[in-house]
Amino acid sequence: MPERVTATVDLSALRHNLQRVRQYAPTSRIMGALKADAYGHGTAAVARTLDGELDAYAVACLEEAEAIRSLGCSTPCVLLEGLLHPSEVSTVAARGDCLVLHADWQLDCLQNARVSQPIPVWVKLDTGMNRLGFCPEQAQRLAAAVQAIPSVRLLGWMTHLANADAAEPESTLEQLTRFFAAVEGLPGQRTIANSAGLMAYPQARVDWVRPGIMLYGASPLEGRLARQDDLRPTMRVESRLIAIREVPAGQAVGYGSEWRCAEPTRVGVIAMGYGDGYPRHARSGTPVLVQGQVVSLIGRVSMDMITVDLRACPQAQVGDAATLWGGALPVETVAAHAGTIAYDLFCGLTNRVRYHYQHPD
Ligand SMILES: Cc1ncc(COP(=O)(O)O)c(C=O)c1O
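Definitions and limits used
- Residues numbered from 1 in each chain as written.
- Predicted model: local features only at pLDDT ≥ 70, side-chain atom pairs only at ≥ 80, totals over all residues.
- Heavy atoms only, no water.
- Buried < 20%, exposed > 50% of the residue type's maximum accessible area, 1.4 Å probe, protein only.
- Helix = DSSP H or I, 4+ residues; strand = E, 2+ residues; numbered from the N terminus.
- Pairing = 2+ DSSP bridges.
- Salt bridge = Lys/Arg side-chain N within 4 Å of Asp/Glu carboxyl O.
- Contact = heavy atoms within 4.5 Å.
- Near = heavy atom within 4 Å.
- Polar contact = N/O pair within 3.5 Å; in protein donor to acceptor, adjacent residues only side chain to side chain.
- Areas by Shrake-Rupley, 256 points an atom, 1.4 Å probe, with all protein chains shown as cover.
- Nonpolar A, V, L, I, M, F, W, Y, C, P; charged D, E, K, R; others polar.

**Q** Sorry, what's going on with the pairing of strand S13 (residues 265-270) here?
**A** A regular strand places its side chains on the two faces of the sheet in alternate fashion. Taken across its six residues, S13 has five buried, putting it largely inside the fold. In this sheet, S13 lies alongside strand S10 (residues 235-247) in antiparallel orientation, the contact comprising six bridges. Opposite Arg245, over in S13, you have Val267 as the bridge partner. Pairing analysis gives four bridges linking S13 to strand S16 (residues 306-309), with the strands arranged antiparallel. Bridge pairing links Val269 to Thr307 in S16.

**Q** Even after reading the chapter, I still don't get the pattern of salt bridges, so can you show me in this structure?
**A** Evaluation of the coordinates by the stated rule reveals 16 salt bridges. For Asp276, the salt bridge is made with Arg4, and the minimal N-O distance between the two is 2.7 Å. Residue Asp276 is found in the loop between S13 and strand S14 (287-290), and its partner Arg4 is found in the segment before strand S1 (6-10); the two are separated by 272 residues along the sequence. What makes Asp276 buried here is its relative accessible area of 0%. Looking at Arg4, the relative accessible area reads 33%, which means it is partly exposed. The residue Glu238 makes a salt bridge to Arg236 at a minimum N-O spacing of 3.4 Å. By relative accessible area, which is 26% here, Arg236 ends up partly exposed. Through salt bridges with shared partners, a single ionic network connects Arg4, Asp276, Asp304 and Arg352.

**Q** Just checking my understanding: could you explain the environment of Arg29 for this structure?
**A** As for its placement among the helices and strands, Arg29 is situated in strand S2 (residues 29-33). By relative accessible area, Arg29 is classed as partly exposed at 42%. For the pair Arg29 and Thr191, spaced 162 residues apart in sequence, the C-alpha separation works out to 9.3 Å. Setting aside residues up to four positions removed in sequence, Arg29 forms contacts with Asp55, Gln189, Asp207, Trp208 and Val209.

**Q** Is there a simple way to explain the site of the ligand in this structure?
**A** Around the ligand, the structure places 13 residues, and the nearest of them are Lys35, Tyr39, Ser195, Ile213 and Tyr343. Contact between the ligand and Ser195: an oxygen atom at 2.5 Å from a side-chain N or O atom of the residue. Separating an oxygen atom of the ligand from a side-chain N or O atom of Tyr343 is a distance of 2.6 Å. Relative to its free-state accessible area of 390 Å², the ligand is covered by the protein chains to the extent of 90%. Along the lines of polarity and charge, the residues of the shell around the ligand split into five nonpolar, four polar and four charged.

Here it is, written out as structure tokens:
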């Protein structure tokens, strides 16, 4: 049966992007972010492709770690949000996952835990993100507390950068200064940088780096495209033209009649809408590729369809493939037209989309 919407994931591009991480941070260990179903790419294929290549997988929670382990992957998982509930301690200990420790209630749980093997923990310091983590001034106290708990093994110190993607460096430099001051002289390793951090701040390439989005071939840096930094897109989302109509001048297209034809216009209908994960807020003018040519989204995105202006591609026919993002159409560009980011498009694909995997040779 022909498929409506497909996401083709290029696993050799994933490998290439990992190489790019290594080029940026050749001496760092790599904790690759595989949370949220590997940024919407499919945990199974991504975890299998990168198993043994990465030093750890970063996931949000126990279920995501279990999904990876059930594949038989040997790469250890780090639960970025740590314990979500005290009852998780025994499962974490039994499975051998690493925890991020970011709150005193989690420390209390670990204090009372009975485990056969100490649980490895990264202690997270909040250096300016104001989301998760201990105040950096508490690092000394935490080092002593963690080392005094037999059920825990201190791996080291983590922080997360709030603005590493932005052009202005001040707040990131402040975060780095705060972090380095807090952990100076303390035992354990350090990890600071997400993709933006490791690409833009050499001083953030410490013992471990934690790339996510760059592995999936989208630029983490504001206003840049992945290809400018030799990152290759890993996901191509495609559908088809299912109808073409000639709409007279003055007529409107789609819900709310927001887009009106200034002249007689050949309008194409593509079978992908927000019910598939196409961003509902994509504006008229968002690029779509038909027969390799750029055409523009017009009118509002519907649940199952979008409409495009085919004047730039007069030879288009019903049945032609349309690329919504990926390949020659940067996901960052589409995301920007929808007022969002590539992460959101990747993670937003729904279970209507059929995945295909291109395996490395
Ligand atoms: C703590 C932490 N580290 C690393 C990452 C990876 O970030 P990115 O995908 O921007 O590289 C994330 C993702 O949100 C994160 O929450």
